[in-house]
Amino acid sequence: MCDHDPFPHFSGVAIVLSCTEISPGVFDLQIARAGHSKGDTVIPNPVAGQFFMLKAIPSGVLLGRPISVYRYTNDVISFLILQKGRGTEELCALRAGDKVHLVGPIGNTFPLPGSDLVVSHLSSMLCPSLAHPRIALVGGGIGVAPVAGFAFELRPQSFDFYAAFRNGVYGLAGLEERASNLVVITESGEEGVKGMLPDAFSPQDYDLVYACGPTPMLRYIQKVCANTTLAFISLEERMACGAGACLGCTIPTIHGNRRCCVDGPVFAAHEVLFDE
Ligand SMILES: Cc1cc2nc3c(=O)[nH]c(=O)nc-3n(C[C@H](O)[C@H](O)[C@H](O)COP(=O)(O)OP(=O)(O)OC[C@H]3O[C@@H](n4cnc5c(N)ncnc54)[C@H](O)[C@@H]3O)c2cc1C
Ligand code: FES
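Within each chain, residues carry numbers counting from 1 in the order of the written sequence. Here chains are named by letter from A upward and ligands by number from 1 upward, in the order in which they appear as written. Where totals are concerned, whole chains, interfaces and linings use all residues; where local detail is concerned, this predicted model gives features only for residues with pLDDT of at least 70, and gives and counts side-chain atom pairs only at 80 or more. Note that the side-chain values use all heavy atoms of the structure and ignore hydrogens as well as water.

Visitor: What is the right way to look at the nonpolar core in this model?
Guide: Within soluble globular proteins, side chains that are nonpolar tend to cluster in buried spots. To form a nonpolar core, buried Ala, Val, Leu, Ile, Met, Phe, Trp, Tyr and Cys residues must be joined to one another through side-chain atoms within 4.5 Å. The buried label applies to any residue whose accessible area, calculated with a 1.4 Å probe on protein chains only, is under 20% of its type's maximum; exposed applies above 50%, and partly exposed to all values in between. The biggest cluster of nonpolar side chains holds 33 residues, and the ones touching the most others in it are L137, V144, F159, F161, L172, Y210 and F232. In this description a helix means any DSSP run of H or I spanning at least four residues, a strand means any run of E spanning at least two, and both kinds are numbered starting from the N terminus. Looking at this core, the elements that each hand over two or more residues are helix 2 (116-124), strand 8 (135-140), helix 3 (144-151), strand 9 (159-165), strand 12 (208-212), strand 13 (230-234) and strand 16 (266-268). The dominant element in this core, judged by the number of residues it contributes, is helix 3, at six residues. When residues of this core are assigned to domains, at least three fall in each of domain 1 (10-106) and domain 2 (116-234). Between two residues, a contact is recorded if the distance between any of their heavy atoms is within 4.5 Å. Not counting chain neighbours up to four residues away, the residues in contact with L137 comprise V147, F150, A151, L154, F159, D160, F161, Y162 and Y210. Counting 31 residues, the second largest nonpolar core, distinct from the first, contains Y220, A231, C261 and V262. Either an automatic procedure or a domain database provided the assignment from which the domain bounds are taken.

And the structure:
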């Protein structure tokens, strides 16, 4: 999918700068990229779409939890975390000065619109606007994090952004100015369009779609984009090692089995074989 090495390059301890609840049950965790002792390795540059395995210190869980990179600067990496079970509860309870164990960055990335991969797919689909494909970014719930990060790697105003939520609206800082259109969809109607993604999103308006969110939403993207629109989806399979070794995150694709952690998490939608 990309020429970045998908295997983790950093495994160590980092210091929490802040952890703020930005919506009920959703936290923005900011971590210092410099090592906490003199001479420690700096956490390498991630690319949008990649993730880290994170574990609070101390922790009652055995394994780190995969969390996508939301934003990063030279000094700080930030993650948006939805509290689900023990692992994410511990991460969301971290405070400035606490320590966290990090492994990463891991996985592939969203391929850029001008990349050979995208251009060759689009030309085989006879896309009429190869130089300026019509692009949609789609985030569902906490899946908004990696696509919101990717939005800052694209040319400003070159894409529309759809963000669909069940509860709360979060992770959209800076996108109003960056996207041509920012379309918010909420099931309750508390903000934006009332309903779900299909109530606001028309795949025929786009040549290229990048999406992350719950599996039913990704299945929908796969179905409505089939044959007409090139779509890349970032999967959120359960993971154990996060290093390509345990095969616990294996998914079936048209090319055979693939490990979501190091062969993904981003896949061309038409290549993924979802369970019937
Ligand atoms: C590549 C990748 C990137 C991710 N990025 C983010 C992110 O940026 N922010 C974020 O908040 N979460 C993200 N997740 C999901 C996150 O890893 C899980 O919510 C977390 O591992 C749950 O751990 P836990 O100990 O809190 O809950 P557990 O006790 O392990 O599980 C609690 C509940 O959550 C369900 N669950 C566990 N893992 C997942 C999963 N991967 N997908 C859906 N449901 C799950 C379980 O079935 C259970 O019902 C990502 C997952 C992957 C694979
Ligand atoms: S989580 Fe172990 S191979 Fe992917």
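After presenting the structure, the write-up continues.
Visitor: What's the story with the side chain of T186 in this structure? I'm lost.
Guide: Topologically, T186 is positioned in strand 10 (residues 181-186). The buried category is assigned to T186, whose relative accessible area is 1%. The residues contacting T186, other than those within four sequence positions of it, are F165, V169, E191, V193, K194 and G195.

Visitor: Whenever I open this one, the environment of E21 confuses me. Can you help?
Guide: Relative to the helices and strands, E21 is located in strand 1 (residues 10-23). Using a relative accessible area of 46% as the deciding quantity, one classes E21 as partly exposed. Placed 154 residues apart in sequence, E21 and L175 show a C-alpha to C-alpha distance of 19 Å. Only 2.7 Å separates the side chain of E21 from the backbone nitrogen of G25, close enough to count as a polar contact. Within 3.5 Å is the distance limit for a polar contact, defined as a pair of N or O atoms, with the added protein rule that one can donate a hydrogen and the other accept it, and that residues adjacent in sequence qualify only through two side-chain atoms.

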